[in-house]
Amino acid sequence: MNIQLSDNLKKMTFKAIFAIIIFIFVYLLLLVSAIALTILCALGGIGLIIVLPKFFTILLGVGLASLGFLVLIFLFKFLFKKHKVDRSHLTEIHRDEYPLLFKVIEDIANEAKTKFPKKVYLSGDVNAAVFYDSSFWSMFFPIRKNLQIGLGLVNTVTEQELKAILAHEFGHFSQRSMSVGSYVYNVNEVIFNMLYDNESFDKMIQSWANISGYFSIFVIIAVKIIQGIQWVLRKMYGFVNVRYMALSREMEFHADQVAANIAGSLPLEESLLRMTLAQYSYNLVLDSYGNKIENNIKSQNIYKEQFAVMNFLAEKSKISFKNNLPMVSIIDLNKYNKSKLNIEDQWASHPGTEERVTALKRLNIQKEKNSNNPASDLFPNIDDTEEKFTENIFSNVVYKDTGTIMKPEEFINEFTDDFNKNAFPEEYNGYYDSKNPLPFDIESFTNMEEELMESVDTIFSKDKIDNIYGYIALENDKDILNAIRRKEIVIKTFDYDGQRYKSKDCTTVLDRIEEEMAILKSKIENNDINIYKFFYNQAYKTGKEHELKGIYIHYFEQDKECDKGKALYKKFEDLTYFMRVVTPYEQIKNNFKLISHLEPELKHGIKLLLENPKLSAEMSKPTRDNFERYLSHDWIYFSNDTYEEDNLQILLSSINDFIQQTMRCNFLSKFDLLRYQIELLKN
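Residues numbered from 1 in each chain as written. Predicted model: local features only at pLDDT ≥ 70, side-chain atom pairs only at ≥ 80, totals over all residues. Heavy atoms only, no water.

Caption draft 1: Region of the structure containing the sheet that holds strand β6 (residues 146–150). Reading across the sheet, the 4 strands line up as β2-β3-β6-β4 and stay open at both edges, with mixed pairing between neighbours. Each of the sheet's edge strands pairs with one partner strand only, and the pair in question is β2 (91–93) and β4 (128–131). Here the average twist between neighbouring strands, direction ignored, is 30°. For β2 and strand β3 (residues 120–123), the ladder comprises 3 bridges, and the chain directions are antiparallel. (Pairing = 2+ DSSP bridges. Helix = DSSP H or I, 4+ residues; strand = E, 2+ residues; numbered from the N terminus. Axes fitted to C-alpha atoms, helices over the stretch in contact; angles between N-to-C directions.)

Below, the structure is given as structure tokens:
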């Protein structure tokens, strides 16, 4: 296999090498200056002691001499720092246990012309990765890499797709020029160490300062000098890192090319497109069990559940299947992405999935022999392995007792029932998935006997849904452009709707976006009114028009209350931020006075939630108990210059539960309205 490096990769490699050279030059200047400072301070300290040999001058002399050494130690400390990857969540596996898998890995290593991994590990994640322990010296002494394979990945790909994914990882090390990326990575680690990894150094200089007040004077001076060095290093960090990220993106394309040559373009394409759904399904299962902690329920096999959830969601989204796996397409991936804004993210280490798939399609490398069996076939006793990793995941969760193990089939039945119970009727075609019915003057639409020239298919057509996601995209584009205008995002140019603009042109584009948003909002509002008219006429046929009107009025009132709840939550969020940072005592007391003024409104809102019959059936006992405990007393959160942690926990839990229950109440009202409308069609 002989893969030519792209011109872009060569260009980014050159820029990365140039960044390394500049960093070395700057670092050497700093180092020479520090050495000169150390010599001068040492000579000055010795001279002071010789000229005036007294106890306090000895202390001053030693302190002065230490000034230069402290700066020098700061510049050298990265030499002794070693980055060791946490392996606590990993399980090492061996050839005799997994002969089929090791044969695949060996074949990939041979084809990629790189070494077999030092060690192979299994993890519970939805990914694969190559990792190694590194230090400054690893730039000069080659280190063998370890391979990590996630069961959440194995669970969702074929053998050929797994081969392609692993080949991608080996692709990062199959070309000699790829070592440039390793050099830049280590340079970044050096800078990062001096900027942010200073805990042990800070303790050392603090201990030195505590020995004598004379020493502390020079420690303060040393800290000021070090802060100046860090200012220079921050500039270098940005300069080097931007080029490293650009190189990293090109290295991803190169690694994809290696993988395509080994396993074919299509297997890597298909697995890349499926990964977002696989990860989302995995997270859904974990979140679901997070809600079961209070009931002491654990999973028997989280991976079987991930697989079932992934396929269930794909079926609901009408995604086609191949080899019993969802075939996610670019269209599926970008189904609701209507953004016209395109900004090159110079800090992204990976190109987007669509870019990678497009590049793979251009390669279009096909392999004759493809194994479409599940990748899990390469793992003997896969069920036992998955159950063991599942047990490890739940071992970190604190339960009240040993708990109950839920079998995969039980979980899937419960999950699908809950999903269907909370899913909006399919007749809406996803129209309300990301929006609520917009309020309007409902009293102006009464006694409508004339049949509208509308149908369910037209009021919930693809064009109407595109308007919704078009408006959402415009809102997001507007937020990003405002951030660029405020210089919170620093870029020179951006593309909007296929046209290149400079950052100073943000205002012009924002004006255009505002106009487009106004047009789309009007269309959406008009369609929402037509939806009401349509269902009102359906209700009129059976004498239920007043009932429908009442449900709409109730929903609009509930939606207004939800907005008030969100505004109240935002106030509490802003007011409680001070607890996360160091705050003077007087300011803390004043902040809690402001919080106490808001609490009556919060307590009133909580009382309404507790009295809501729709919520009472599903509100968990811990949530209800915490609400009632919060309402039972006027709590004190700060006394004797100390936070009352237990009382604070009651408040913060009540605030978080309040917004969750408020949003849930709004959802249930919306759900009732939408379900009622569909029932009208059946009469």
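Caption draft 2: Representation of the sheet that holds strand β12 (residues 493–496). Here we have 3 strands laid out as an open sheet, ordered β10-β12-β13, and antiparallel in their pairing. One side of each edge strand has no neighbouring strand; the edge strands of this open sheet are β10 (341–342) and β13 (499–502). Judged from the 4 bridges that link them, β12 and β13 form a sheet pairing that is antiparallel. By the bridge assignment, Tyr-496 is partnered in β13 with Gln-499. The strands that helix α17 (residues 506–540) touches are β12 and β13; relative to β12, the one it contacts most, it runs at about 25°. (Contact = heavy atoms within 4.5 Å.)

Caption draft 3: Region of interest: the side chain of Asp-528. On the secondary structure map, Asp-528 appears in helix α17. A relative accessible area of 3% places Asp-528 in the buried class. Engagement of the side chain of Asp-528 in a polar contact is seen with the side chain of Lys-435, the distance being 2.7 Å. When residues no more than four places from it in sequence are discounted, the contact partners of Asp-528 are Tyr-431, Lys-435, Asn-436, Pro-437, Leu-438 and Phe-440. (Buried < 20%, exposed > 50% of the residue type's maximum accessible area, 1.4 Å probe, protein only. Polar contact = N/O pair within 3.5 Å; in protein donor to acceptor, adjacent residues only side chain to side chain.)

Caption draft 4: Geometry of unusual backbone geometry. At Asn-323, a position not held by glycine, the phi torsion is positive, near 55°. Looking at where Asn-323 falls in the secondary structure, it is placed in the loop between β8 (321–322) and β9 (325–326). Of note in this structure, Asn-381 is not a glycine but carries a positive phi near 55°. Residue position: Asn-381 is located in the loop between α12 (353–363) and α13 (382–395). Judged by relative accessible area, Asn-381 falls into the exposed class, the value being 57%.

Caption draft 5: A look at the packing of aromatic side chains. Following the criterion strictly, the structure yields 36 aromatic pairs and no others. A ring pair is formed by Phe-411 and Phe-415, whose centres lie 6.0 Å apart and whose planes are at 20°; its orientation type is stacked. With Phe-411 and Phe-415 both in helix α14 (residues 408–422) and 4 residues apart, the pair spans about one turn of that helix. Since its relative accessible area comes to 1%, Phe-411 is described here as buried. Between Phe-494 and Tyr-501, the ring centres sit 5.6 Å apart and the planes meet at 20°, which makes this aromatic pair stacked. Classification of Phe-494 by relative accessible area gives buried; the value is 1%. Grouped by ring-pair contacts, the aromatic residues Tyr-289, Phe-312, Phe-394, Phe-411, Phe-415 and Phe-419 constitute a single cluster. Of note, Arg-95 hangs over the ring of Phe-116, and the distance from its end group to the ring centre comes to 5.3 Å. (Phe/Tyr/Trp six-rings, centres within 6.5 Å; stacked < 30°, edge-to-face > 60°. Lys NZ or Arg CZ within 6 Å of the ring centre and 35° of its normal.)

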